[in-house]
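# Breakdown of the fold
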Amino acid sequence: MRGKKLVAIGAAAMLALTACGAGDNGNGLALAKPFADVIQLVAAAKDGAAKSKSSKIDFVAGTGAEGMTATGAGVFDGANSKFALVTDSAGEKSEMRYVDRVIYVKLSEAQLKQMGATTPWIKISPDATDPFSKVFSQIMTKAVEQSDPTRTLEQVEKAGKIVSSDQTQLNGEPVNHYVVDLDVQKSIEQFTGDLPAEVRSKITDMLKGKDIHLPGELWLNKDQLPVQVKMDSSALAAVTSKKAVAPGAGIVTTKYTDWGSPVDVAAPAADQVSDLGELIKKAGH
């Protein structure tokens, strides 16, 4: 279902990491020397993210028929976070919005007909009581909230380390480039903490005793903001998924532009929205 792909969106968004300092390191790149300590990196990055709060987003997740691209924007401001994406998977486009902790999904006509919906949008509320809406809402809420760079940085601070760094240019902009490694065992709760208890328990059991490391790369500009992030979660997917993970399927590359620019994300008009929980009740599930 579309839900799985939207989780990937949030998962992709949850890989936004920031760091670096300003200045001139004598190399013409107008960058400070890269951080060697992950705690210092996180402290500097949180400060930069808190000042800018919003950006436009483009990302590519996976490859081939299982791959997906998306464009959108987000406001990363804790409880006031807002998020919007238009996705394209195998030529099929859809839209998602996250406003006031409510998730809105615009599905295709065929999908809406299958669900018995008469409006173009469905919503999944955080206080939903039916099992499917409850689980899906919690998973999606976590994914969207993790798009806030400060939340992701907390994950890096607890489970990550800097493997190497260098200074280069990306798309004509001087950047500090970091190679990082996240040790899942160091902070399993960071990967599963907001999931429903029964789901968290199952995943924790799957990960128990497993030496899982997630490699990643970060490109950060002189203003302590990410311009590109690449993360590979294939090792984690291989353990938690019931089917084989295709090569490249776990790789997500996210690009950030226009940090600090205005982002307008609003909920769809009420008469254009159906509640997922109500649709499930009508269907007798």
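This section reports on the structure supplied with the text. (Residues numbered from 1 in each chain as written. Predicted model: local features only at pLDDT ≥ 70, side-chain atom pairs only at ≥ 80, totals over all residues. Heavy atoms only, no water.)

What follows concerns the pairing of strand S7 (residues 160-170). Bridge count between S7 and strand S8 (residues 173-183): 10 bridges; the pairing is antiparallel. Across the sheet, glutamine 167 pairs through a bridge with asparagine 176, a residue of S8. Following S7, the chain reverses through two residues before pairing antiparallel with S8; asparagine 171 in that reversal takes a positive phi of roughly 55°. (Pairing = 2+ DSSP bridges. Helix = DSSP H or I, 4+ residues; strand = E, 2+ residues; numbered from the N terminus.)

Moving on to the nonpolar core. Most often, soluble globular proteins have nonpolar side chains that are buried together. Judged by nonpolar contacts, the single largest core of 47 residues is most densely connected at Phe59, Phe83, Ile122, Tyr178, Val184 and Leu207. Among the elements that make up this core, the one with the highest residue count is helix H2 (residues 38-52) (five residues). Non-local contacts of isoleucine 122, meaning those with residues more than four positions away in its chain, are made with Ile103, Tyr104, Val105, Leu107, Leu112, Met115, Val273, Ser274, Leu276 and Leu279. Among the nonpolar cores identified, the runner-up in size contains 10 residues, and Ala73, Ala84, Val102 and Tyr104 belong to it. (Core = buried A, V, L, I, M, F, W, Y, C linked by side-chain atoms within 4.5 Å. Buried < 20%, exposed > 50% of the residue type's maximum accessible area, 1.4 Å probe, protein only. Contact = heavy atoms within 4.5 Å.)

Next up on the list: the packing of aromatic side chains. Evaluation of the coordinates by the stated rule reveals two aromatic pairs. An angle of 55° between the planes, with centres 5.9 Å apart, marks the rings of phenylalanine 76 and tryptophan 259 as tilted. Taken as a pair, phenylalanine 76 in the loop between strand S2 (68-75) and strand S3 (82-89) and tryptophan 259 in the loop between strand S11 (251-257) and strand S12 (273-275) lie far apart in primary sequence, 183 residues in all. Across this residue pair, the class does not change: phenylalanine 76 and tryptophan 259 are buried. By the ring-pair criterion, three or more aromatic residues cluster together here, those being Phe76, Tyr256 and Trp259. (Phe/Tyr/Trp six-rings, centres within 6.5 Å; stacked < 30°, edge-to-face > 60°.)

Now for the sheet that holds S11. The strand order S7-S8-S9-S10-S11-S1-S2-S3-S4-S5-S6-S12 describes an open sheet built from 12 strands, whose pairing is mixed. The open sheet has two edge strands with one neighbour each: S7 and S12. Strand-to-strand, the axes of this sheet are offset by a mean angle of 20°, without reference to chain direction. (Axes fitted to C-alpha atoms, helices over the stretch in contact; angles between N-to-C directions.)

Just distances and angles here, no functional claims.
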